[in-house]
Protein chains: 2
Amino acid sequence: MISEKMKYFVQNNSALRVMFEEGARLRAKYGADKVYDFSLGNPNVPAPEEVKQAIIDVVNEEDPVVLHGYMNNAGFEDVRQTIAESLNRRFGTAFQFRNLIMTVGAASGLNVILKTILNPGEEVIVFAPYFLEYGSYINNFDGKLVEVPPDTATFQPNLEEFEKRITANTKAVIVNTPHNPTGVVYSEETIKRLAAILEAKQKEFGSVIYLISDEPYRELVYDGVKVPFLTKYYANTVVAYSYSKSLSLPGERIGYLVIPDEADGSEEMITAAGIANRITGSVNAPSLQQKVIARCVDARSDIAYYDRNRTTLYEGLKKCGLECIKPQGAFYLFVKSPVPDEKRFCEAAQKHNILIVPGSSFACPGYVRLSYCVAYETIVNALPVFGELMKEFR
Amino acid sequence: MISEKMKYFVQNNSALRVMFEEGARLRAKYGADKVYDFSLGNPNVPAPEEVKQAIIDVVNEEDPVVLHGYMNNAGFEDVRQTIAESLNRRFGTAFQFRNLIMTVGAASGLNVILKTILNPGEEVIVFAPYFLEYGSYINNFDGKLVEVPPDTATFQPNLEEFEKRITANTKAVIVNTPHNPTGVVYSEETIKRLAAILEAKQKEFGSVIYLISDEPYRELVYDGVKVPFLTKYYANTVVAYSYSKSLSLPGERIGYLVIPDEADGSEEMITAAGIANRITGSVNAPSLQQKVIARCVDARSDIAYYDRNRTTLYEGLKKCGLECIKPQGAFYLFVKSPVPDEKRFCEAAQKHNILIVPGSSFACPGYVRLSYCVAYETIVNALPVFGELMKEFR
């Protein structure tokens, strides 16, 4: 009864589903405090108090017909202008409201921009490891995902392999920094090299290649590291942002696209993206949350909480004999599996009530992802269990 | 730079855009009270007070990590169960939470169910006049829209023409009752005949044909008319609902799909629709609004306001010599143009600062749509202007 495309997704959904169900089963059997679930990217730090106050204030202060009503499909102009000005202050950009399109989170933003630009068969390059949903989004528009193998020494993008994979048929490249699943932040040097390669290839092929920057983790960085703002390095950059992590609002589905004036065909793209926002079914980003965001534009969730988790888990796992790049952003550790078949390691962990995600789920086998957006106590209590687990792999 | 598909939409977007811009221009020039804008389906009756209170209560009472967090892609189970029970009480159905999938409004619900079932080239039947966005949604999945011509005597669906158009390649039929743009409510007799035709054709072709009931206007009915609940008449019915109109929350993007257990392949469809909700970019319906809906499940906007508008506008236009079916639901009048080329009538109306939508925008030329979700005073003030306008058409 279901479509051929969906049959594929239903079949490949079951592994993840089994994991969720296993987590629920373990919690029911052993108690939630005896299960160490590092599998989910759901922020455990609550939204800042400003968000709560802003919600109460907007419903008390604003006309409900406007607050809950339709607006331009791209979002309320005042909200978009407020965000544009915040970006301009922080990054020295010169965006106006017209450059911003409010979206139903970054996932919808990515769908909107891919619908805007992608013809069937055109190629979109991604760097392994990557969020496998990129494949679903590209498939929505019958594009072709082209994978660049990882540089496992640094988990910076493998630019030599990247350059080889750009063809006349390359329409876009997706990058994600700070990065899920590795926590790596692309360095300014990396971005300059990436931009130079793209510029040269655009000239070589007489084509336009869009760089899509998926950056829900932009604000989640540690040790004072700076995240370069990509539109400043490469004109054909489109930014997909979400407040899911920075304001701990993943369920609210609120984010935006930035299409800079410098991008080739920007005016037509902006119009098309507004329409794509509508016809993909979003129509517009949720109106109340738009207004809330405008009042909390520079608020942040408590990142220090994640930072303590990061250091504790990183140091603890190292002591257990596990190898890992120390992440500079996001809330993930990407840990080398002690055996090449990382699924074996995940299964062994599960027997100790530890839930972690195999790197194969990010097109990078041999590694496992741990989300540290969990209670600090979960990490403290899990570390001795990791010690026990590792005895089996010596 | 944009995709071929989007080029088409950008070109065809301009007419509507011109109309919006003209409205803004007229308001700036003559003052908002001298412009009679009947072009938009944006509820002007505010959301009921319960909604405001529910928003304040949920942020005060619920854990923000849960309230704003990810949940099952199909939505919070308690919210879905509450809605299922409300439907069961009202319509004598037997839904459980698993039959409901919370969506980003009905537009997203329609996209989700079409993605779930539709293969490229498969046919979806719609009855003229219809909301042209159906064409965009079907096009998203490379389906083929098949149009049934209108029965302009009653604006009930033309079932003789419908029957002729069902083929072995028909995957779905979309109905919309109460109906945009006519305000007609499909009678029980119509629905029984429609169901019988579908049953017979399923047997004839050995196929499954889904009836997709797009019903954002379900609660907007007048004169005590009953809207039959379609799952009770035809097993392969999927309902797409939205709170945009019943609770005046169009900007919030909150609605749901119902996939009944009786539908062929329901279990696989439910799983697939949850995944489609995720990968189309919605991920899930906005979380706070889900919780709000559960607390306002039987609340309604002030429908009496629309009813007064309906009667006043209907009677007033009749006195001006215009012909129209008296609508039983929604908030639209579909009025016969005094000249066959209704665009000429719309242009003439615009010169009087009256904004109305040509029937061609609903695949039904010769008619115009007036939305009466406007201030009552707008109707009272517009009627003499309609009188002036009609002098030009005698």
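Procedures and definitions
For every chain, the first residue of the written sequence is number 1, and numbering continues from 1 onward in sequence order. The naming scheme follows written order: chains are lettered A onward, ligands numbered 1 onward. Whole-chain, interface and lining totals are the exception, using all residues; otherwise, since this is a predicted model, local features are given only for residues with pLDDT of at least 70 and side-chain atom pairs are given and counted only at 80 or more. With hydrogens and water excluded, all non-hydrogen atoms of the structure serve as input to the side-chain values. Helix and strand assignments follow DSSP, with helices taken as H or I runs no shorter than four residues and strands as E runs no shorter than two, numbered in order from the N terminus. Radius of gyration here uses only the C-alpha atoms, and the compact-globule reference equals 2.2 Å multiplied by the residue count raised to the power 0.38. We call a residue buried when its accessible area falls under 20% of the maximum for its residue type, exposed when it is over 50%, and partly exposed in between, using a 1.4 Å probe and counting protein chains only. The contact definition used throughout considers only heavy atoms, calling two residues in contact when any of these lie within 4.5 Å. Shrake-Rupley sampling with a 1.4 Å probe provides the accessible areas, and residues are treated as covered by the protein chains on show and by no other component. We treat Lys and Arg as the positive residues and Asp and Glu as the negative residues; His and chain ends play no part in the count. Any carboxyl oxygen of Asp or Glu within 4 Å of a side-chain nitrogen of Lys or Arg constitutes a salt bridge here. Defined here as a combined quantity, buried area equals the accessible surface (1.4 Å probe) lost by two parts on assembly, summed across both. By the criterion applied in these results, polar contacts are pairs of N or O atoms within 3.5 Å in which, for protein atoms, one can donate a hydrogen and the other can accept it, and in which residues neighboring in sequence qualify only through two side-chain atoms. Any pair of Phe, Tyr and Trp rings, taking the six-membered ring for Trp, is counted once the centres come within 6.5 Å. Such a pair is stacked with planes under 30 degrees apart, edge-to-face with planes over 60 apart, and tilted for the rest. Here, a charge over a ring means that NZ of Lys or CZ of Arg falls within 6 Å of the ring centre while also lying within 35 degrees of the ring normal. Superposing the copies works by least squares over the C-alpha atoms of residues that have pLDDT at least 70 in both of them. Simply put, an axis is a line fit to the C-alpha atoms, just over the touching stretch for a helix, and the angle between two N-to-C directions goes from 0 to 180 degrees. Orientation labels follow simple angle bins: below 35 degrees gives roughly parallel, above 145 gives roughly antiparallel, 65 to 115 gives roughly perpendicular, and whatever is left gives oblique. When residues are sorted by character, Ala, Val, Leu, Ile, Met, Phe, Trp, Tyr, Cys and Pro go into the nonpolar class, Asp, Glu, Lys and Arg into the charged class, and all the rest, Gly among them, into the polar class. DSSP bridges decide pairing: two strands pair if at least two such bridges lie between them. The handedness criterion is simple: a crossing whose near helix is rotated anticlockwise from the far helix by less than a right angle is left-handed, and one whose near helix is rotated clockwise is right-handed. For this analysis, a nonpolar core means a set of buried residues of the types Ala, Val, Leu, Ile, Met, Phe, Trp, Tyr and Cys, connected via side-chain atoms within 4.5 Å. Our working definition of a disulfide is a cysteine sulfur pair at a distance within 2.5 Å. Expected span of a helix: the number of residues minus one, times 1.5 Å. Here the arc refers to the set of directions running from the helix axis out to each C-beta atom.

Visitor: Can you explain the overall build of chain A? Please cite residues and give values.
Guide: Helices and strands together make up the secondary structure of chain A, namely 13 helices and 13 strands. Its C-alpha atoms give chain A a radius of gyration of 21 Å, within 12% of the compact-globule value 21 Å for 394 residues. Taking the principal axes of the C-alpha coordinates as reference, chain A spans close to 60 × 55 × 50 Å. Out of the 394 residues belonging to chain A, those deemed buried represent 62%. Residue pairs in contact within chain A that sit at least 24 positions apart in sequence constitute 75% of those at least 6 positions apart. Surface accessibility of chain A: about 14200 Å² in total, with carbon and sulfur atoms responsible for 51%.

Visitor: Can you break down the side chain of Arg80(A) residue by residue, with the values?
Guide: All names here are of chain A. If you trace the backbone, Arg 80 turns up in helix α4 (residues 77–91). Look at Arg 80: it is buried, it has no salt bridge, and the nearest opposite charge is Glu 77 at 4.7 Å. Residue contacts for Arg 80: discarding those within four places in its chain leaves Asn 72, Ala 74, Gly 75, Phe 97, Arg 98, Leu 100 and Met 102.

Visitor: If you had to explain the interface of chain B and chain A to someone new, which residues and values would you point to?
Guide: On the chain A side, the residues contacting the 74 residues of chain B number 74 residues. When chain B packs against chain A, the two sides together hide about 5700 Å² of surface, and 58% of this comes from carbon and sulfur. By the criterion of area lost to chain A, the three top residues of chain B are Met1(B), His68(B) and Tyr70(B), representing 13% of everything that side buries. Joining chain B to chain A, the criterion identifies two salt bridges. Salt-bridge contacts for Glu133(B) lead to Arg278(A); the nearest nitrogen and oxygen are separated by 2.9 Å. Our count for the chain B to chain A interface comes out at 33 residue pairs in polar contact (both at pLDDT 80 or more).

Visitor: So what's going on with the environment of Ala153(A)? Which residues, and what values?
Guide: By the secondary structure assignment, Ala153(A) is in the loop between β4 (144–148) and α7 (159–165). Taking the C-alpha atoms as reference points, Ala153(A) and Tyr30(A), 123 residues apart in sequence, are found 38 Å from one another.

Visitor: Tell me about the packing of aromatic side chains, residues and numbers included.
Guide: In this structure the tally under the stated criterion is 38 aromatic pairs over all chains. Summarising the aromatic geometry, the rings of Phe334(A) and Phe362(A) are spaced 6.4 Å apart at their centres and angled 85° between planes, so their arrangement reads as edge-to-face. Of this pair, Phe334(A) sits in strand β10 (residues 332–336) while Phe362(A) is found in the loop between β12 (357–358) and β13 (367–371), placing the two residues 28 residues apart along the sequence. A residue is classified by how much of its surface remains accessible, and Phe334(A), at 2% relative accessible area, is buried. Here Phe334(B) and Tyr367(B) contribute two aromatic rings whose centre-to-centre distance is 5.2 Å and whose plane-to-plane angle is 10°, an arrangement assigned as stacked. In this pair, Phe334(B) is assigned in strand β10 (residues 332–336) and Tyr367(B) in strand β13 (residues 367–371), connecting sequence segments 33 residues apart. Tyr367(B) carries the same exposure label as Phe334(B), and that label is buried. Here a set of aromatic residues connected by ring pairs shows up, and it is made of Phe155(A), Phe334(A), Phe362(A) and Tyr367(A). For Arg308(A), the ring lying beneath its charged end belongs to Tyr376(A), and the centroid distance is 3.6 Å. Over the aromatic face of Tyr305(B) sits the side chain of Arg308(B), whose NZ or CZ is 5.7 Å from the ring centroid.

Visitor: Lay out the relation of the copies chain B and chain A with the relevant residues and their values.
Guide: Of the transformation superimposing chain B on chain A, the axial component is 0.0 Å and the angular component is 180°, with the fit at an RMSD of 0.0 Å. Accordingly, the operation relating the two chain copies is best matched by a two-fold axis. For chain B, the residue whose C-alpha comes nearest the rotation axis is Ile56(B), separated from it by 2.9 Å.

Visitor: An account of the environment of Gly23(B) is requested, with residue identities and associated values reported.
Guide: Along the chain, Gly23(B) falls in helix α1 (residues 4–30). Separated by 14 residues in the primary sequence, Gly23(B) and Asp37(B) have C-alpha atoms spaced 7.3 Å apart.

Visitor: Now, about the packing of helix α11 (residues 303–319) of chain A against helix α13 (residues 376–391) of chain A: what can you tell me, with residues and values included?
Guide: Two measures define how a pair of helices packs: the angle their axes make with one another and the distance between the axes. All names here are of chain A. Packing of α11 against α13 leaves a shortest axis separation of 10 Å and a crossing angle of 5°. Considered as vectors, α11 and α13 are oriented roughly parallel to each other. Residues Tyr 305, Arg 308, Asn 309, Thr 312, Leu 313, Gly 316 and Leu 317 of α11 form the contact with α13, whose own contacting residues are Tyr 376, Glu 377, Ile 379, Leu 383 and Phe 386. The residue makeup of the contact of α11 with α13, split by class, is seven nonpolar, three polar and two charged.

Visitor: Describe the pairing of strand β2 (residues 100–103) of chain B, naming the residues involved and giving the relevant values.
Guide: Each regular strand displays side chains that alternate between the two surfaces of the sheet. Relative to strand β8 (residues 255–258) of chain B, β2(B) runs antiparallel, the two being bridged by four bridges. Bridge pairing in β8(B) places Ile101(B) opposite Leu257(B).

Visitor: Please set out the packing of helix α2 (residues 49–61) of chain A against helix α10 (residues 287–295) of chain A residue by residue, giving values where relevant.
Guide: Residues and elements named next belong to chain A. Running from amino to carboxyl end, α2 crosses α10 at an angle of 120°, the nearest separation of the two axes being 9 Å. Between α2 and α10, the interaxial angle falls into the category oblique. Between α2 and α10 the crossing geometry is right-handed. Here Val 51, Ala 54, Ile 55, Asp 57, Val 58, Val 59 and Glu 61 of α2 come into contact with α10, specifically with Leu 288, Lys 291, Val 292 and Arg 295. Residues belonging to the contact of α2 with α10 are distributed by class as follows: seven nonpolar, no polar and four charged.

Visitor: Quick rundown of the sheet that holds strand β9 (residues 323–324) of chain B? Include the residues and the values.
Guide: Residue and element names in this part refer to chain B. In spatial order, the strands read β9-β10-β13-β12; together these four strands make up an open sheet with antiparallel pairing. The two strands at the open ends of the sheet, each matched to only one other strand, are β9 and β12 (357–358). Where β12 lies against β13, two bridges are found, and the strand directions are antiparallel. Looking at β13, one finds that Val 357 is bridged to Arg 369.

Visitor: Explain the nonpolar core to me, and be specific about the residues and the numbers.
Guide: Formed by 68 residues in total, the largest nonpolar core has its most connected members in Ile83(A), Leu87(A), Tyr256(A), Ile83(B), Leu87(B) and Tyr256(B). If near-sequence neighbours (up to four positions away) are discounted, Leu87(B) is found in contact with Gly92(B), Thr93(B), Phe95(B), Leu100(B), Arg218(B), Phe229(B), Tyr256(B) and Val258(B).

Visitor: Lay out the state of the cysteines with the relevant residues and their values.
Guide: Residues and elements named next belong to chain B. Counting across every chain of the model gives zero disulfides over all chains. In this model Cys 346 remains outside any disulfide bridge; the closest cysteine sulfur is found in Cys 364, 13 Å from its own. Taking the relative accessible area as the measure of exposure, Cys 346 reaches 9% and is therefore buried. The cysteine Cys 364 is free of any disulfide, with Cys 324 supplying the nearest cysteine sulfur at 12 Å.

Visitor: Any details on the pattern of salt bridges? Residues and values, ideally.
Guide: Tallying each qualifying case throughout the model produces 46 salt bridges over all chains. A salt bridge links Arg295(B) to Glu61(B), with the shortest nitrogen-to-oxygen separation between them at 3.0 Å. One end of the pair, Arg295(B), is in helix α10 (residues 287–295); the other, Glu61(B), is in helix α2 (residues 49–61), with 234 residues separating them in the sequence. Connected through salt bridges with shared partners, the residues Glu61(A), Glu62(A), Asp78(A), Lys291(A) and Arg295(A) form a single ionic network.

Visitor: Which residues make up helix α8 (residues 188–205) of chain A, and what values go with them?
Guide: Residue and element names in this part refer to chain A. Spanning 18 residues, α8 covers 26 Å between terminal C-alpha atoms, matching the ideal 26 Å at 1.5 Å per step. Among the residues of α8, Thr 190, Ile 191, Leu 194, Ala 195, Ile 197, Leu 198, Lys 201 and Gln 202 are the ones counted as buried. The arc that holds every buried residue of α8, seen down its axis, measures 160°, which confines them to one face. Facing away from the buried side of α8 by over 90 degrees, the exposed positions are Glu 189, Lys 203 and Glu 204. Looking at the buried side of α8, the elements it contacts are β3 (123–127), α7, β5 (170–175) and β6 (210–214). Positive backbone phi, approximately 60°, marks Gly 206, located one or two places after α8.

Visitor: Go over the side chain of Ser371(A) with me, naming the residues and quoting the values.
Guide: Residues and elements named next belong to chain A. One can find Ser 371 in strand β13. Engagement of the side chain of Ser 371 in a polar contact is seen with the side chain of Arg 369, the distance being 3.4 Å. Once you skip the residues sitting within four places of it in the chain, Ser 371 turns out to touch Phe 38, Ser 39, Leu 40, Gly 41, Phe 331 and Tyr 332.

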